[in-house]
Each structure stands twice: as C-alpha cells, then as structure tokens.
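# Summary of the model geometry
Next come the chains, spelled out residue by residue.
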Amino acid sequence: ETGVTQSPTHLIKTRGQQVTLRCSSQSGHNTVSWYQQALGQGPQFIFQYYREEENGRGNFPPRFSGLQFPNYSSELNVNALELDDSALYLCASTLGRTGETQYFGPGTRLLVL
Amino acid sequence: AQSVTQLDSHVSVSEGTPVLLRCNYSSSYSPSLFWYVQHPNKGLQLLLKYTSAATLVKGINGFEAEFKKSETSFHLTKPSAHMSDAAEYFCVVSSSYNQGGKLIFGQGTELSVKP
C-alpha cells in the first residue's frame with residue numbers, strides 16, 4: 001500500500017454530466033499528478049499540481065480541470081462527459097516539484113453511458 | 001521528447017522459468033526509467049527505477065533491469081517466474097527534468113504464468 005487514497009472507487013455517469021474525483025496524497029507529499037488509463041492502454045498524463053498550483057498539463061481539453069488544497073489533497077473535475085472519458089483515473093503523489101518516484105493510488109473507474 | 005516502446009504486448013512463461021520483458025526508450029538526455037506493475041483491478045506498484053547510478057537495478061520480488069545506453073534499452077528480467085507475477089507491466093520514462101517528472105508510459109506487456 002502506498003498511502004495514496006482515491007474516492008470513489010467506481011462511478012457511473014451519463015454523457016453530458018459532470019464528475020469530481022478525489023485523491024489524498026501520501027503523508028509528506030506535496031505534489032499530485034493525475035493520469036487517465038483507457039482500457040488496454042498505458043496511463044496518460046492529465047496534469048500535475050505542486051503546492052496548489054498547476055505544474056504541467058498533458059494533451060487534455062479544458063473541460064478537465066483540477067484543484068489542490070492546502071493539505072495537498074486534490075480533485076479532478078471533468079465537465080460535459082463524453083463516452084470516451086470512460087477509463088480508470090489514477091492519482092499519484094510525490095515529494096517536491098521535480099520528485100520523480102510517484103506513488104499511485106488504486107484509481108477510480110469511471111463509466112460514461 | 002521522451003518515449004518508451006514495449007516490444008511485446010503479451011508474454012507467456014511457465015512457472016519457474018525466466019522472465020524477459022523488453023523496453024526501448026528514446027530520450028534527448030540521460031533519462032530516469034521505471035518499471036511499474038499493475039495487477040487486475042489494482043493501482044500501479046513501483047518495481048524498480050534507474051536514475052543514472054548503477055546500470056543494473058534491483059527491484060522488489062526478485063525483478064531487475066539493466067540500463068543499456070548503447071542499445072537504448074531497459075529490459076526487465078526475473079530468473080524464475082511465480083504464479084503471482086501474472087500482471088500488466090509498464091515501462092516508464094520521466095519527462096524532462098524541469099517538467100516536474102511527468103511520467104510517460106509504454107503500452108504495457110501482459111505477463112501470463114502457466115503452472
């Protein structure tokens with residue numbers, strides 16, 4: 001176990017709805033990254049937050065947004081859900097802006113109908 | 001830009017035989033490389049990492065990987081497979097050092113272990 005927790009574990013939404021996923025980082029970690037893993041593929045980087053500021057973003061549209069709170073927990077928000085947003089969403093935490101060893105949570109599986 | 005290519009989408013071995021999962025990388029500078037494992041319906045677990053120290057890296061559960069710059073490879077090996085090794089394995093490179101360590105994943109190799 002890495003100490004990174006995510007909620008909820010599973011979620012079903014319909015197209016056009018909005019969703020919020022949550023992540024609590026490992027104790028002492030101040031950087032959180034989010035990844036999307038479609039079925040049968042490797043995870044794709046969505047964005048990273050360091051000390052409540054966005055610190056890099058992958059090739060995802062603006063309807064994917066995030067927040068990091070003073071306790072370093074984080075949220076991923078997705079608006080106007082599309083069928084292709086169905087995936088496993090993984091959160092990873094690390095220490096420092098350039099910390100490289102990222103510790104992953106168990107993920108939230110999102111199904112969009 | 002950094003990238004990784006996992007050369008096999010699926011590898012099948014018998015229990016007790018060696019495991020070899022192949023990975024080639026592309027990087028414009030000395031990379032940080034990782035292998036992660038993902039068991040069904042689980043998150044990702046770090047097996048090992050290379051960060052420009054010793055080229056032979058030992059990880060958990062008897063896995064190791066060798067960084068070969070001349071071949072741009074970072075293959076994962078284990079001398080003797082166990083049934084519990086059956087999982088998806090990802091070779092990963094870290095993006096440029098000034099981008100906060102964004103991870104770039106390969107497509108994954110599914111390892112099956114036959115009794």
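Just above, that's the structure.
Right, let's walk through the structure included here.

Conventions used here
Per chain, the residues get numbers from 1 upward, laid out in the order the sequence is written. To label them, take the chains in the order written and letter them from A, then take the ligands in the order written and number them from 1. Reporting in this predicted model follows two pLDDT cut-offs: at least 70 for local features of residues, and 80 or more for side-chain atom pairs to be given and counted; totals over whole chains, interfaces and linings ignore these cut-offs and use all residues. Hydrogen atoms and water are omitted, and side-chain values are computed over all heavy atoms in the structure. By convention a nonpolar core is built from buried Ala, Val, Leu, Ile, Met, Phe, Trp, Tyr and Cys residues, the set being connected through side-chain atoms within 4.5 Å. Using a 1.4 Å probe on the protein chains alone, a residue whose accessible area is under 20% of its type maximum counts as buried, one over 50% counts as exposed, and one in between counts as partly exposed. Residues count as neighbours in contact if any of their non-hydrogen atoms are within 4.5 Å of one another. Only one rule defines a salt bridge in this text: a Lys or Arg side-chain nitrogen within 4 Å of an Asp or Glu carboxyl oxygen. Pairs of N or O atoms within 3.5 Å make up the polar contacts considered here, provided that, within protein, one atom can donate a hydrogen while the other can accept it, and that residues adjacent in sequence are counted only when both atoms are side-chain atoms. Elements are defined by DSSP. Helices are runs of H or I of four residues or more, strands are runs of E of two residues or more, and each kind is numbered from the N terminus. The disulfide criterion is simple: two cysteine sulfur atoms within 2.5 Å. Ring geometry is summarised as follows: Phe, Tyr and Trp rings, the Trp one being its six-membered ring, pair when their centres sit within 6.5 Å, and such pairs are stacked at plane angles under 30 degrees, edge-to-face over 60 and tilted between the two.

In this section: the nonpolar core. General note: in soluble globular proteins, nonpolar side chains tend to be found buried as a group. Core analysis: the biggest nonpolar cluster contains 26 residues, and Trp-35, Leu-48, Leu-76 and Tyr-89 of chain B have the highest contact counts within it. If sequence neighbours within four positions are ignored, Leu-76 of chain B has contacts with Val-19, Leu-20, Leu-21, Trp-35, Leu-47, Leu-48, Phe-63, Glu-64, Ala-65 and Tyr-89 of chain B. Core analysis: the second largest hydrophobic core is formed by 20 residues, Val-19, Ile-46, Tyr-89 and Val-112 of chain A among them.

Turning next to the interface of chain A and chain B. Contacts between chain A and chain B engage 21 residues on the former and 22 residues on the latter. Taken together, the links from chain A to chain B amount to zero salt bridges. Put simply, chain A and chain B have four residue pairs in polar contact (both at pLDDT 80 or more) between them. Going through the elements one at a time, strand S4 (31-37), strand S5 (44-50) and strand S9 (87-94) of chain A are the ones with two or more residues in the side of chain A that touches chain B.

Our focus in this paragraph is the state of the cysteines. Residues and elements named next belong to chain A. Summed over all chains, the structure comprises two disulfides over all chains. There is a disulfide in this structure between Cys-23 and Cys-91, and the S-S distance comes to 1.7 Å. One quick way to see it: the torsion about the S-S bond of Cys-23 and Cys-91 is about -55 degrees, and its sign makes the bridge left-handed. Residue Cys-23 is found in strand S3 (residues 19-24), and its partner Cys-91 is found in strand S9; the two are separated by 68 residues along the sequence. Grouping residues by exposure puts Cys-23 and Cys-91 together as buried.

A word on the packing of aromatic side chains. Residue and element names in this part refer to chain B. Applying the stated criterion across every chain, the model contains 14 aromatic pairs over all chains. When the ring of Tyr-36 is compared with that of Phe-105, the centres are 6.2 Å apart and the planes differ by 40 degrees; the resulting orientation is tilted. In this pair, Tyr-36 sits in strand S5 (residues 33-38) while Phe-105 sits in strand S11 (residues 103-105), placing the two residues 69 residues apart along the sequence. Judged by its relative accessible area of 6%, Phe-105 falls in the buried class. Look at Phe-63 and Tyr-89: their rings are 5.6 Å apart centre to centre, the planes differ by 45 degrees, and that puts the pair in the tilted class. One end of the pair, Phe-63, is in the loop between strand S7 (56-58) and strand S8 (64-68); the other, Tyr-89, is in strand S10 (residues 87-94), and 26 residues separate them in sequence. The same class applies to Phe-63 and to Tyr-89, which are both buried.

It is worth stressing that arrangement in space is one thing and function is another; only the former is reported here.
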